[in-house]
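Understanding the architecture of this molecule
Spelled out, the chains give:
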Amino acid sequence: MSREVYERLVEEFPETSLEYLEEKDPAISVKADDLFEVARHLKEKQGYDYLSAVTGVDYPDRFEVVYHLYSMREKKGVVVLKVHASKEDPEVPSLVPLWPGANFQEREVYDLIGIRFAGHPDLKRVLLWEGYEGHPLRKDFPTEGYQTIGQEELS
Amino acid sequence: MQRVETRLRTETITVNMGPQHPSTHGVFRMIVTLDGETIVDLEPVMGYLHRCHEKIGERNTYLQNIPYTDRLDYICSMSNNLAYVMAVEKLGGIEVPERAEYIRIIMVELTRIVNHMVAIGALLNDLGCFFTPMLYGLRERERILDLFEMASGSRMMCNYMRFGGVRYDLPPGFTPELKSVVAALPTFIDEFERLLTENEIVLARCQNVGILPPDMAIAYSCTGPLLRGSGVNYDIRKVDSYSIYDRFDFDVPLGTNGDVYDRYLVRIGEMRQSVRILEQAIEQIPEGEVSVKLPRVFKPPEGDVYHRIESPKGELGFYLVSDGSTNPYRYKVRSPTFINLTVLPELCKGHKVADVVAILGSIDIVLGEVDR
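Residues numbered from 1 in each chain as written. Chains lettered and ligands numbered in written order. Predicted model: local features only at pLDDT ≥ 70, side-chain atom pairs only at ≥ 80, totals over all residues. Heavy atoms only, no water.

This next bit is on the overall build of chain A. Regarding its fold elements, chain A presents four helices and seven strands. Reading chain A from its N terminus to its C terminus gives the helix and strand order α-β-β-α-β-β-β-β-α-β-α. C-alpha atoms of chain A, sized along the principal axes, occupy 55 × 30 × 25 Å. Burial statistics for chain A: of 155 residues in total, 55% are counted as buried. Within chain A, contacts between residues separated by at least 24 positions form 48% of all contacts whose residues are at least 6 apart in sequence. Of the roughly 7300 Å² that chain A leaves accessible, carbon and sulfur atoms contribute 46%. (Helix = DSSP H or I, 4+ residues; strand = E, 2+ residues; numbered from the N terminus. Buried < 20%, exposed > 50% of the residue type's maximum accessible area, 1.4 Å probe, protein only. Contact = heavy atoms within 4.5 Å. Areas by Shrake-Rupley, 256 points an atom, 1.4 Å probe, with all protein chains shown as cover.)

Residues and elements named next belong to chain B. With 21 residues, helix 5 (residues 132-152) extends 30 Å between its outermost C-alpha atoms, agreeing within 8% with the 30 Å of an ideal straight helix rising 1.5 Å per residue. For helix 5, every residue scored as buried is listed here: Pro133, Met134, Gly137, Glu140, Arg141, Ile144, Leu145, Leu147, Phe148, Ala151 and Ser152. Turning to helix 5, the residues buried within the fold contact helix 3 (77-92), helix 4 (98-127) and helix 6 (174-196). (Expected span 1.5 Å × (residues − 1).)

So, on to the side chain of Glu58(B). Turning to its location among the elements, Glu58(B) is positioned in helix 1 (residues 53-59). Within the structure, Glu58(B) has its side chain in polar contact with the side chain of Lys139(A) (distance 3.0 Å). Residues contacting Glu58(B), with those up to four places away along its chain left out, are Leu137(A), Lys139(A), Asn327(B), Pro328(B), Tyr329(B), Arg330(B) and Tyr331(B). (Polar contact = N/O pair within 3.5 Å; in protein donor to acceptor, adjacent residues only side chain to side chain.)

What follows is about the pattern of salt bridges. For the structure shown, the criterion picks out 42 salt bridges over all chains. Of the charged contacts in the structure, one is a salt bridge between Arg62(A) and Asp61(A), with a shortest N-O distance of 3.4 Å. Judged by its relative accessible area of 21%, Arg62(A) is partly exposed. We note a salt bridge from Arg228(B) to Glu310(B), for which the minimum N-O separation is 3.0 Å. In this pair, Arg228(B) is assigned in helix 9 (residues 225-228) and Glu310(B) in strand 8 (residues 303-311), connecting sequence segments 82 residues apart. Considered together, Arg228(B) and Glu310(B) belong to a single accessibility category, that of buried residues. Through salt bridges with shared partners, a single ionic network connects Glu108(A), Glu54(B), Arg330(B) and Arg372(B). (Salt bridge = Lys/Arg side-chain N within 4 Å of Asp/Glu carboxyl O.)

Taken residue by residue, the interface counts 44 residues in chain A and 43 residues in chain B. In total, chain A and chain B occlude about 3700 Å² of area from one another, counting both sides; carbon and sulfur atoms represent 56% of this. Here chain A is connected to chain B by five salt bridges. Note that Lys139(A) and Glu58(B) form a salt bridge whose closest N and O atoms lie 3.0 Å from each other. At the surface where chain A touches chain B, the tally comes to 20 residue pairs in polar contact (both at pLDDT 80 or more). Those elements giving two or more residues to the side of chain A that touches chain B turn out to be strand 3 (50-58), strand 4 (63-71) and helix 3 (102-112) of chain A. (Buried area = accessible area lost by both parts, 1.4 Å probe.)

A separate point is the pairing of strand 4 of chain A. All names here are of chain A. In terms of burial, strand 4 is largely enclosed, as nine of its nine residues are buried. The two faces of strand 4 match: Phe63, Val65, Tyr67, Leu69 and Ser71 on one face and Glu64, Val66, His68 and Tyr70 on the other face are all buried. The hairpin formed by strand 3 and strand 4 contains four residues between the paired strands. Sheet topology places strand 4 next to strand 5 (residues 76-85); nine bridges connect them, and they run antiparallel. Each residue of the ladder has a partner; that of tyrosine 67, found in strand 5, is leucine 81. Hairpin geometry of strand 4 and strand 5 is characterised by an intervening segment of four residues between the two adjacent antiparallel strands and by a positive phi of about 55° at lysine 75. (Pairing = 2+ DSSP bridges.)

Once that is clear, we can look at the packing of aromatic side chains. This model, assessed by the stated rule, comprises 19 aromatic pairs over all chains. Arranged with centres 6.2 Å apart and planes meeting at 35°, the rings of Tyr50(A) and Tyr70(A) form a pair that is tilted. On the criterion of sequence distance, the pair formed by Tyr50(A) in strand 3 and Tyr70(A) in strand 4 is long-range, its members being 20 residues apart. In this pair, the class of Tyr50(A) matches that of Tyr70(A), namely buried. An aromatic cluster of three or more residues is present, and its members are Tyr62(B), Tyr84(B), Phe163(B), Phe298(B), Phe318(B) and Tyr331(B). Directly above the aromatic system of Tyr245(B) lies the positively charged group of Arg237(B), at a separation of 5.9 Å from the ring centroid. (Phe/Tyr/Trp six-rings, centres within 6.5 Å; stacked < 30°, edge-to-face > 60°. Lys NZ or Arg CZ within 6 Å of the ring centre and 35° of its normal.)

Take a look at the structure:
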């Protein structure tokens, strides 16, 4: 499925650098700057109207955000988009303007991995409390020790 | 002559519902902005039950994660098991014996019935029909949980499925008991419906409340009965036909209005369809092995997979990244109710504050899965 989608994307966006990753679930690697336009094309022109999952992964050399797209009306999929973000300043564009359902998922990725989503309407922590230090799903996060919640964060 | 200002000055007030509130089915908080009785805005606040499920998943070996998945949505442990083991099987390229596939389907469809009984019971609890329908549901549920206990040794935290099959074969006496439970279910569902479906209070409280249009349902990534209540024909059992779902003949119940009442009807319909699947599975189940031999230390090849199933609450998916070692490099749970909650503020706006509990009840959340 992803191969045809990839070829159509290459036709549509000749200037952008896309990459086809041959894996168990074939994926398309996209630059962060092109993500929004590619996603908009997939949604509006190719019918991938359903954003199933947004996942952040902390690799040794980079952060990666993985998007799983399906089509509910045409019952096709999956299309996997992978976007890299730098270790120093991880930021990718938000897809909330296209899929409002990405709202909590992007907040969760921000909360647990610390990737910022530019253009998100209300980017704040969702599972942990405001004022928590660090992002627990990063590989360098200590697995011992504790943080306590202050009285002002409770109210 | 000077006009006297007679209009009353009004302002919105903010009300805090939860975290300890009977309608939230756990520890879940909503910050509601009200104009009189009408909801202007609502903000869900969650995370009170967050226990680093995904971080623990990275620490554990693949096998050690199975009992942890039981505790995600603790009403449907069998479905969680299935989604996880199927993701690992896809990662490791493991084949499942025929008999094990049937046992899995039987367990998962029984789980669906259990979940919908509890979901409808809890919805009626929220509407003020306190515990009568819930206990009718729990009475039948207990017979199904007895079956789970016979097969796995535990009523709720089943920990039953393994990579390449299930842990034990069905014990002697299981199949006759299963047949008797399944034979009694249609009568129970009829009784349940006679009590509720045309109940005037249910109609008054549920119809035209929390309407979710189909386009909005898709845009907000809604899945499960919430999506199908809006009339979108999307059931992953049909779309992906994972496991052996293509061998069974069943329909996908759909709603028309997308209100709370339609979600209730979809759940009732799904229970009936699950009974149909169970009847066919009991008839077709072959003899044979129920698991495959795997090496003691299980190391899947490098790569990443996403696998999803139609859990009773919606699309439950696991995204696993393997680096070739004994434990997953990344273990992500795509939990259906966490994402279904994204649409809650939109559903509630414009309704009365008393309707919030009905709308929340119709989404059917379990906080073990929302907060992970």
